[in-house]
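Architecture and fold: a report
Each chain, letter by letter, is given below.
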Amino acid sequence: MYSPCLKFVAGFLLLVSAVGADAQTRELRVCADPDNIPFSSRDQTGFENRIAALVAHDLDARLIFIWQRMGRGFVRAYLDNGQCDLLVGIPQNYRPVLSTRPYYRSTYVFVARPAEPAISSLDSSTLHDLKIGVQVVEEEYTPPGEALARRGLQAAIVGFDTTGDGADSIVRAVADHKVDLAIVWGPLAGYFATKAGQQLRITPVEPEVDPSGLPFTFAISMGVRKGNLALRDQLEKILSQRAPDIRAILDEYGVPQLPLATPRDSDGVAN
Amino acid sequence: MRGSRKLSLAIFQQPVLLFFILSLIILFAHIVACTAFAQTSSMQQPVVEQNYQPRSYQGQLEPDDGQWIRPAKDFASTRYSSLDQINAGNAKDLKPAFTFSTGMTRGHEAAPLVVDNTMYIVTPFPNNLYALDLTKPGAPMKWVYEPVPTPASQGVACCDIVNRGAAYDNGKIYYNTLDNQTVAVDAKTGQEVWKTRVGDINKGESMTMAPLVVKGKVLVGNSGGEFGVRGWLTALDAKTGKIAWRAYTAGPDKDVLIGSRFRPFYPQDRGQDLGVKSWPPDAWKIGGGGVWGWISYDPQLNLIYYGTANPGPWDAEARPGDNKFTSGIFARDPDTGEAIWFYQFSPHDLYDYDAVNENILLDLPIRGQTRRVLVHPDRNGYVYVIDRTSGEVLSASVFAPITTSRGVDLKTGELQYVDEKKPITGKVVQGLCPTAPGAKDWQPSAFSPRTGLIYIPHNHLCMDEEDLTPNYIAGTPYVGANVRMYDAPGGYGGEFTAWDPVEGKVVWTIPDHFPVWSGALATAGDVVFYGTLDGWFKAVDAHSGKLLWQFKTGSGIIGQPTTYKGPDGKQYVAILSGVGGWAGAIVAGGLDARDESAALGFAGVMKDLPKYTNKGGMLYVFALP
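Before going into details, it helps to say that this report is about the structure given with it. (Residues numbered from 1 in each chain as written. Chains lettered and ligands numbered in written order. Predicted model: local features only at pLDDT ≥ 70, side-chain atom pairs only at ≥ 80, totals over all residues.)

1. A short note on the environment of Q67 of chain B
Residue and element names in this part refer to chain B. To keep it simple, the criterion reads: Secondary structure counts use DSSP, requiring at least four H or I residues in a row for a helix and at least two E residues in a row for a strand, with both numbered from the N terminus. In this scheme the burial state of a residue depends on its C-beta neighbours within 10 Å: 20 or more other such atoms mean buried, 12 or fewer mean exposed, and anything in between means partly exposed; the C-beta positions come from the backbone. Any two residues are considered in contact once their C-beta atoms, placed from the backbone, lie within 7 Å.
Turning to its location among the elements, Q67 is positioned in the loop between α2 (15-40) and β1 (80-81). Residue classification places Q67 among the partly exposed residues on the basis of 18 C-beta atoms within 10 Å. The spacing of Q67 and P334 is 267 residues in sequence and 25 Å in space, taken between C-alpha atoms. With residues near it in sequence (within four places) discarded, Q67 still touches V114, V115 and Y564.

Dropping the structure here:
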């Protein structure tokens, strides 16, 4: 007899509380690149988009992507100016931001055709006879490019742009025999190697750190505005609790992953 | 000499004295040795000219009609006006005549042009062109032309989304948009006459330079040395916009337009396909060497002169060789584009020393002979005087603190780098002067024939490379050296210097807290104008540098002052205020993620600029009451 009434009251209360909660729901504004697969894409199919969704869920926050090409200047223009609160994947200890403990570590890898002899080291003597694709990030070669140059292999280097439409061109160049070998940042290589139309072999670059101090592995963290310790701490908790889920997402995208250092060691620069 | 030798012989006959003298000689030798050693890691400073006597210019300048039709005023790039109503006596009475807001907040580097009682200004991206009617009170807007460049080009521009202005010729205004289009606009109606896409943002190209129109050809060049572009200068038919020729900076001779008429002065610039051979295989294809600075023209010799930007990538170890023809100057035939000579200021550039700065064409007395020269204050810290017929370097004098080189060998033309200052990956190098923006960046100098002096706005900075630090672009991590810039000795970041190009010495200099990032203007009233990053527009005495007048504009000044005779017969002085550019980018906003990490690192010296000024573009025009 009372039940419909109670139900109504309960439903009404629920509705009110839901509306109230919705009004107070926090927003998680994430700066994300609109066109940079496998990391991020406007259709939210990048692995960083997926990880952002997972974090927003656990924070009980409404996820809002602020689409912005991650070229120069964007940290100041977007994160520092408060247009967004979070960068999903930045190298640990990237100076312009406050970074969390890293949640994965990856490496530059050799991408080769399986029929060719395996190469895992930058000191391999066979490198002299090859054409080697390396990524150019704006005006800088990525660390393997600089390491090749230091070994006197400038003549072997073929530079590839890494952003936008042409991001997969360096991997395709291996498949298409335009270069003999490429050295590519792991997440890009792992993802595009599966799409290359033929099997490609992926081998982490050795040594992990060049004698000159250049690292080839990078621990990846989330980044928040400097001073935003509260969000950083919440994120670290979630990253730790959700480590298996995040690993599963990264695996799905073929991201080569190295073991993370213990938290104590992870404060070091770069890796 | 002879007298002293006699004296020494007499002295040598006395043992005690001999011992004393020998000790002195040893001591002296020791001091010389130490000094020589110290000099290898010490700083070269400019020499100040004592007893300077004004030397009025004996050469010819173009006739002046009181207008201002191209940014550098004349083909010789003097930025000198024969107007003299405003003089050292009355400049203190200058008042604003009218102003005009561009409604934009990025860096305003353009020169206001004046043709047929109309003023033309080009804004930073989105590169609108405004025409203001000078015949009406308050100079109301006649029309605006909006080219609507693609927003994506903003992400490609290196150092703020500036534009350095337009050029007028034969009824049309010509200028470049950030997204690589050269446009011709009817100067009367504001209607687009033609628009030609000359570059590709997907290759990292952008355009910021002001064209020069020579003999019916619009000469334009690309920017983007920081993005692995391949630099070029292109000539477009002024009537149709059709590309007449394109000269690449690097690559095979046929691309560089090097043929039988190419006669460089120095042997290191001669040889077949040096634009390929002075690079690792294929590296010239992304080797930089943009053409984003100034072009001058000598109608008698029928030669144009322009500098090429730094080679890429920045990591110099990755590109062994001289990297021709970057960081140097070309003389070309404007009709065909053929190269006539080339000289490389900074072979195998190690420090981002673009060579795109202005070349002022003058006929100067050099060692008793009148020589047809060009004067070029380079990013590497030297003012070069070069024979513009042959490319021979006649002098190279220090105008700002230098530690990265020891001097220029005038026999071979070679810049003498200091080995211990060479950047090597993983090695920390400190005390590098000049810094990446150079002793002087794009900000153009002016020349006064009345004083014979060149007025150079410039930087006064050094830098340290610090530890390697992680960085990333769009998901891809790498490491860069953390660069920290700081004021050179003296504790200030910029100077406005009056320079005697014949003696190669400083006559006077005005220090400024910040780099002086505006252009200069010289006038027959012996008043020289320039602006500062904190927003002061200044008039100084051309002879003494004494401050005559200053006005605080709404934002920092990085524009180029111009002057003209108005329809009322009065002399006006115009300047765009609106901070930005590489130096002021910290205020104009959105700036450089890499300021603190990679080689751009300008923020260190600029971090207090926001306390002094705010962004916002505004034209100011001044006149006497």
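Text resumes after the structure shown.
2. Section: the sheet that holds strand β11 (residues 212-214) of chain B
Strand-to-strand pairing in sheets goes through backbone hydrogen bonds, with the strands running parallel or antiparallel. All names here are of chain B. We apply this condition: By definition, two strands form a pair when at least two bridges between them are found by DSSP. Note on definitions: angles span 0 to 180 degrees between N-to-C directions of axes, and those axes are lines fitted to C-alpha atoms, for helices only across the stretch in contact.
The antiparallel open sheet is built from 4 strands, whose spatial order is β11-β12-β13-β14. A strand with exactly one partner marks an edge of an open sheet, and here the two such strands are β11 and β14 (243-248). Ignoring which end each strand starts from, the neighbouring axes of this sheet average 20° apart. Here 3 bridges tie β11 to strand β12 (residues 217-221), and the two strands are oriented antiparallel to one another. The residue bridging V213 from the neighbouring strand is V218, located in β12.

3. Quick word on the sheet that holds strand β29 (residues 494-500) of chain B
Residue and element names in this part refer to chain B. Taken in spatial order, the 4 strands of this open sheet run β25-β26-β29-β30, and their pairing is antiparallel. Edge positions in the sheet fall to β25 (446-448) and β30 (505-512), since each has one partner strand and no second. Adjacent strand axes in the sheet meet at a mean angle of 20° when their direction is disregarded. Pairing of β25 with strand β26 (residues 453-459), which is carried by 3 bridges, proceeds in the antiparallel orientation. Bridging from a neighbouring strand, F447 pairs with I454 of β26.

4. Digging into the environment of G566 of chain B
Residues and elements named next belong to chain B. Along the chain, G566 turns up in the loop between β35 (562-565) and β36 (571-577). Take G566: there are 18 C-beta atoms within 10 Å of it, and that puts it in the partly exposed class. Taking the C-alpha atoms as reference points, G566 and N117, 449 residues apart in sequence, are found 6.7 Å from one another. Here G566 is in contact with L134 and Y572, once residues within four sequence places are set aside.

5. What about the packing of helix α2 (residues 47-59) of chain A against helix α7 (residues 229-241) of chain A?
All names here are of chain A. The condition that has to hold: Orientation is classified from the angle alone, with under 35 degrees giving roughly parallel, over 145 giving roughly antiparallel, 65 to 115 giving roughly perpendicular, and any other angle giving oblique. Residues are grouped as follows: nonpolar covers Ala, Val, Leu, Ile, Met, Phe, Trp, Tyr, Cys and Pro; charged covers Asp, Glu, Lys and Arg; every other residue, Gly included, is treated as polar.
Packing of α2 against α7 brings their axes to within 10 Å, and their N-to-C directions diverge by 110°. Between α2 and α7, the angle is such that the two are roughly perpendicular. For the pair α2 and α7, contact is made by V55, D58 and L59 and by Q234, L235 and I238, respectively. Class assignment for the residues of the contact of α2 with α7 results in 4 nonpolar, 1 polar and 1 charged.

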